[in-house]
Amino acid sequence: TESRTGELAYGILLDFDDDVVALYEQPPTVACVRTYNSGKQIHGSYTPDYLVLHKNGPKVIQIKAEDALLKLCEKSPDWRLEDGIYRDYAAEHALSKYSLPHIVISSASLGAQNVSNVRLLLRSLSHNESQDEIIYRECQNVLQQTGAKSLHEIAKLLDLEDYTPILRLIAC
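Report on the accompanying structure. What you are looking at is a predicted structure, and each value in this text was computed from that prediction instead of being measured.

Some details on the layout of surface pockets
There is about 190 Å³ of room inside the largest pocket. Considering the residues around the largest pocket, the lining is formed by I12, L13, F16, V118, L121, L122, L125, I170 and A171. Among the elements of the structure, helix 1 (7–15), helix 4 (112–124) and helix 7 (164–171) are those that each provide at least two residues to the lining of the largest pocket. Broken down by element, the residue count for the lining of the largest pocket peaks at three residues, all from helix 4. Taken together, the residues that form the lining of the largest pocket break down as nine nonpolar, no polar and no charged.

What follows is the structure, given as C-alpha cells:
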C-alpha cells in the first residue's frame, strides 16, 4: 500500500469499518482503454488500489490525491468530476465486464485529521517496545483507579515525557 496517496490511511480506516468483510490490496490488473483529449486511444492496463468486499457487495477502490485528480480531469475525457464525485470512466468500463463497481476517492476526502491520526499511530509502532508491557500494566491500573483520562493526564500520572508508548498501545 502506498501511503503517499492516502492508500495506507484509507486501508487502515477500512479496518475499522463494520461493513467491510474483506479487503484486498492491489487486486489483479484489468485491460483498460484510455482516451486522451486529442481523441487518441491507448490500450493498457489498470491496477486498482483495493478490492473491498462490503456486506452489501464488492467495490473496487482507487485513491488519488486531489491535485492529481484535477490534472487527470483536465488531461483526459475518461476522468470527470460530476456532482462532487470523481469518475474514471475507462476503469469503470473495464470493471463493468466483471460487474464490479468502481469508486474513486480523493485523499482529501479522508479528512486531514483522520489521516494525521493514522500516520501518528503508525509512526508510534516503530517505537522500541521493550517497555510496552510495563506501561500497559501501569496504564491499566491508572484507568481502573481513576476512569477515563486524556493522553496528557495518563502521561503525567505515569511520569512520561513522551506519549509514544501510550500511542503504541492504542495502535496495537
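Structural notes on the pairing of strand 4 (residues 50–54)
A large share of strand 4 lies buried, amounting to four of its five residues. Pairing of strand 1 (residues 20–25) with strand 4, which is carried by five bridges, proceeds in the antiparallel orientation. Along strand 4, the bridge assignment pairs L23 with V52. Note: strand 4 against strand 5 (residues 57–64), five bridges, orientation antiparallel. Of the residues in strand 5, the one forming a bridge with V52 is K59. Between the antiparallel neighbours strand 4 and strand 5 lie two residues.

Quick word on the nonpolar core
Counting residues in hydrophobic clusters, the biggest one holds 13 residues, and the most contacted among them are Y10, Y50, V52, I61, I63, I105 and L110. Of all elements in the fold, only helix 1, strand 4, strand 5 and helix 4 reach the threshold of two or more residues within this core. Residue contributions to this core peak at four residues, all from helix 1. In terms of nonpolar packing, the next biggest core, distinct from the first, is built from nine residues, Y46, L51, A91 and A94 among them.

Concerning helix 3 (residues 89–96)
Inspection of helix 3 places A90, A91, E92, A94 and L95 among the buried residues, and these make up the whole buried set. Looking at the buried residues of helix 3, the elements they touch are strand 2 (30–35), strand 3 (41–46), strand 5, strand 7 (85–88) and strand 8 (102–106).

Examining the environment of H102
Locating H102 in the fold gives a position in strand 8. Using a relative accessible area of 9% as the deciding quantity, one classes H102 as buried. As for H102 and Q26, which are separated by 76 residues in sequence, their C-alpha atoms are 14 Å apart. The contacts of H102, once residues within four sequence positions are left out, are Y46, V60, Q62, D88, A91, E92 and L95. There is a polar contact of 2.7 Å between the side chain of H102 and the side chain of Y46. There is a polar contact of 3.3 Å between the side chain of H102 and the side chain of Q62.

Section: the environment of I42
As for its position among the elements, I42 is in strand 3. C-alpha separation for the pair I42 and L70, spaced 28 residues apart in sequence, amounts to 21 Å. Not counting residues up to four positions away in its chain, the partners in contact with I42 are C32, V33, R34 and Y36.

Rules behind the numbers
Residues numbered from 1 in each chain as written. Predicted model: local features only at pLDDT ≥ 70, side-chain atom pairs only at ≥ 80, totals over all residues. Heavy atoms only, no water. 1 Å grid on protein atoms, 1.4 Å probe; cavity = no way out; pocket = protein on both sides within 12 Å on 5 of 7 lines; lining within 4 Å. Points joined across faces, edges and corners; volume = space filled by probe spheres on them. Helix = DSSP H or I, 4+ residues; strand = E, 2+ residues; numbered from the N terminus. Nonpolar A, V, L, I, M, F, W, Y, C, P; charged D, E, K, R; others polar. Buried < 20%, exposed > 50% of the residue type's maximum accessible area, 1.4 Å probe, protein only. Pairing = 2+ DSSP bridges. Core = buried A, V, L, I, M, F, W, Y, C linked by side-chain atoms within 4.5 Å. Contact = heavy atoms within 4.5 Å. Polar contact = N/O pair within 3.5 Å; in protein donor to acceptor, adjacent residues only side chain to side chain.

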